[in-house]
Amino acid sequence: MVMSPSRCCGLPIAALLCAGAAAQSATAFPRLSVDWGKIIGTTRTTITLQVVENPPLRRGSAIHDNAWANLAALHTDMTRLALWYPYPRLTVAELAPPTGTQTSWNFETIDPIVEDFFYATGGHSSVFTMSTIPNWMFREADPGPIPTSANDAMWNYEVGSDLRSNGRRGC
């Protein structure tokens, strides 16, 4: 095996640098000691989780009732419902851009999941996020046809980075 000069010289230099760093670190850091008998603070945590919409959580699925019952039984606080792709019909309420005379707002497939979530987390704090921006809000976005079924994933729905202007300042 033939080694290039850069590989031959690089190994000793790396070893010297590591040895120097180890020697320096021994003196650079203060000594740490722990006194377990003295309490200076208490950390408080909250057991929580995030629910992400997906077809098995829809009413009528085989696991729907058990999934939501188990969430309710956990009694978690700050439980988060995150509606985000890849199921555009479960996450985006306005899939087509508005025109001068109409909009396409439709919560028909979104509302049941939101209702089930808030029912299961009732009496506890929760966080609700609709995280997927309608694709038509981006200039260059063209993910193709949106599936007609809310159960069908569209892994390329979130495309685009340049927001369209609505003609008003700031957007």
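Starting afresh in each chain, residues are numbered from 1 along the sequence in its written order. Side-chain atom pairs in this predicted model are given and counted only at pLDDT of 80 or more, local residue features only at pLDDT of at least 70, and totals for whole chains, interfaces and linings cover all residues. Side-chain metrics in this entry use all non-hydrogen atoms of the structure; hydrogen atoms and water are not considered.

Quick look at the nonpolar core
The test is simple: Here, nonpolar core means buried Ala, Val, Leu, Ile, Met, Phe, Trp, Tyr and Cys residues that are tied together by side-chain atoms lying within 4.5 Å of each other. Partly exposed residues are those whose accessible area sits between 20% and 50% of the maximum for their type, while under 20% is buried and over 50% is exposed, using a 1.4 Å probe and protein chains only. Helix numbering and strand numbering both begin at the N terminus, where a helix is a DSSP run of H or I of at least 4 residues and a strand a DSSP run of E of at least 2. We call two residues contacting when some pair of their heavy atoms lies within 4.5 Å.
Core analysis: the largest hydrophobic core is formed by 15 residues, its most contacted members being Val51, Trp68, Leu71, Leu81 and Phe117. Those elements that provide at least two residues to this core are α2 (64–74), β2 (79–83) and α4 (111–120). In contact with Trp68, not counting residues within four places along its chain, are Val51, Leu57, Ile113, Asp116, Phe117 and Ala120.

Regarding the environment of Val159
The topology assignment puts Val159 in the segment after β3 (126–130). Assessed through its relative accessible area of 29%, Val159 is described here as partly exposed. Sequence separation between Val159 and Pro134 is 25 residues, and the spatial gap between their C-alpha atoms is 10.0 Å. If sequence neighbours within four positions are ignored, Val159 has contacts with Asn135, Phe138, Ala141, Asp142 and Pro143.

A few points about the packing of aromatic side chains
Put simply, the rule reads: Two rings from Phe, Tyr or Trp (for Trp, the six-membered ring) form a pair when their centres are within 6.5 Å of each other. A pair whose planes differ by under 30 degrees is stacked, one over 60 is edge-to-face, and the rest are tilted.
Counted according to the given criterion, the structure contains five aromatic pairs. An angle of 80° between the planes, with centres 6.4 Å apart, marks the rings of Tyr85 and Trp155 as edge-to-face. With Tyr85 in the loop between β2 and α3 (88–91) and Trp155 in the segment after β3, this residue pair connects regions lying 70 residues apart in the sequence. When the ring of Phe118 is compared with that of Phe128, the centres are 6.1 Å apart and the planes differ by 55°; the resulting orientation is tilted. On the criterion of sequence distance, the pair formed by Phe118 in helix α4 and Phe128 in strand β3 is long-range, its members being 10 residues apart. Accessibility expressed as a relative area gives 36% for Phe118, which makes it partly exposed. The exposure class assigned to Phe128 is partly exposed, which follows from its relative accessible area of 34%. Cluster of aromatic residues (ring-pair linked, three or more members): Trp84, Tyr85 and Trp155.

Some thoughts on unusual backbone geometry
The backbone phi angle of His75 is positive, close to 55°, even though this residue is not glycine. In this structure, His75 sits in the loop between α2 and β2. For His75, a relative accessible area of 52% corresponds to the exposed category. Within the chain, Met78 stands out as a residue other than glycine whose phi angle is a positive 55°. Structurally, Met78 is set in the loop between α2 and β2. For Met78, a relative accessible area of 44% corresponds to the partly exposed category.

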